Amino acid sequence: MEENNENRSKWIKIRLKPSEEILLNKRYKKSTFQNLSEFGRAMILGEPVTVIHRDKSMDEVLEELAILRRELNFIGNNLNQAVRNINSAHGFPDKSLWMNLLTVINGKLEPSITQIKDRMNKYADLWSQKLKAGKA
């Protein structure tokens, strides 16, 4: 595609009502354009205008998923540290060390993982309800 090296030297002035200016700015802010001049030129010249659509109902879900991901990372790190400690024992790890690790997993990690799964299922149910409602 060949670029045109002409400078933009012509000005077009338009008058808007305050309500029209508000509407124009709202539409501009929803677009992907960097400044109002680019947006205005695209609108006037009939060029395609890409509009950003943001589903604000997903904010809570995404926030919760970030928290869940962090919790899962903490659980994984704790488990890795425990296994590393057992493997660093002199000689072969004792059966009691592995039993203690399993006790820790069952006592502390398992409830946390179950809680995370329950929260994820809750949001999956909410999401599927929104999808069904959107299709109806």
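Keep in mind that what you see is a predicted model, and the values were worked out from it rather than measured.

It is not clear to me how the overall build of the protein should be interpreted in this structure. Could you clarify?
Within the protein, the secondary structure is distributed over four helices and zero strands. Relative to its full complement of 136 residues, the protein shows a buried share of 10%. For the protein, restricting intrachain contacts to residue pairs at least 6 apart in sequence, the fraction spanning at least 24 positions comes to 36%. Accessible surface, the protein as shown: approximately 12300 Å² in total, 55% of it carbon and sulfur.

In this structure, what is going on with the pattern of salt bridges? I would like to understand it.
Side-chain pairs of opposite charge can arise whenever the charged atoms involved come near each other. For the structure on display, the rule yields one salt bridge. For E71, the salt bridge identified is with R119, shortest N-O distance 3.6 Å. In this pair, E71 is assigned in helix α3 (residues 59–87) and R119 in helix α4 (residues 95–135), connecting sequence segments 48 residues apart. A relative accessible area of 25% means that E71 is categorised as partly exposed. Taking the relative accessible area as the measure of exposure, R119 reaches 21% and is therefore partly exposed.

What's the story with the layout of surface pockets in this structure? I'm lost.
Empty space among the atoms can be located by rolling a probe the size of a water molecule over them. Estimates place the volume of the largest pocket at around 940 Å³. Taken together, 22 residues line the largest pocket, and the ones lying closest to its centre are I12, S37, G40, R41 and I44. Taken together, the elements giving at least two residues each to the lining of the largest pocket come down to α1 (18–29) and α2 (36–45). Sorting elements by how many residues they give to the lining of the largest pocket places α2 first, with ten residues. Here the lining of the largest pocket is composed, by residue class, of eleven nonpolar, four polar and seven charged.

Quick question: what am I supposed to make of α2 here?
Helical periodicity: at 3.6 residues per turn, an α-helix aligns residues three or four positions apart in one direction. Two or three places before S37, at the opening of α2, N35 has a side-chain oxygen 3.3 Å from that residue's backbone nitrogen. Immediately downstream of α2, the backbone of G46 shows phi near 70°, a positive value.

Got a minute to help me understand the packing of aromatic side chains in this structure?
Two aromatic rings, taken as a pair, are described by how far apart their centres are and by the angle between their planes. Applying the stated criterion across every chain, the model contains two aromatic pairs. Measuring from centroid to centroid gives 6.0 Å for Y28 and F39, while their planes differ by 55°, and the two rings are tilted. Residue Y28 is found in helix α1, and its partner F39 is found in helix α2; the two are separated by eleven residues along the sequence. Like Y28, the residue F39 is buried in the burial classification. Measuring from ring centre to ring centre gives 6.0 Å for F33 and F39, while their planes differ by 70°; the resulting arrangement is edge-to-face. Take F39: its relative accessible area is 2%, and that puts it in the buried class.

Cut-offs and rules
- Residues numbered from 1 in each chain as written.
- Predicted model: local features only at pLDDT ≥ 70, side-chain atom pairs only at ≥ 80, totals over all residues.
- Heavy atoms only, no water.
- Helix = DSSP H or I, 4+ residues; strand = E, 2+ residues; numbered from the N terminus.
- Buried < 20%, exposed > 50% of the residue type's maximum accessible area, 1.4 Å probe, protein only.
- Contact = heavy atoms within 4.5 Å.
- Areas by Shrake-Rupley, 256 points an atom, 1.4 Å probe, with all protein chains shown as cover.
- Salt bridge = Lys/Arg side-chain N within 4 Å of Asp/Glu carboxyl O.
- 1 Å grid on protein atoms, 1.4 Å probe; cavity = no way out; pocket = protein on both sides within 12 Å on 5 of 7 lines; lining within 4 Å.
- Points joined across faces, edges and corners; volume = space filled by probe spheres on them.
- Nonpolar A, V, L, I, M, F, W, Y, C, P; charged D, E, K, R; others polar.
- Polar contact = N/O pair within 3.5 Å; in protein donor to acceptor, adjacent residues only side chain to side chain.
- Phe/Tyr/Trp six-rings, centres within 6.5 Å; stacked < 30°, edge-to-face > 60°.

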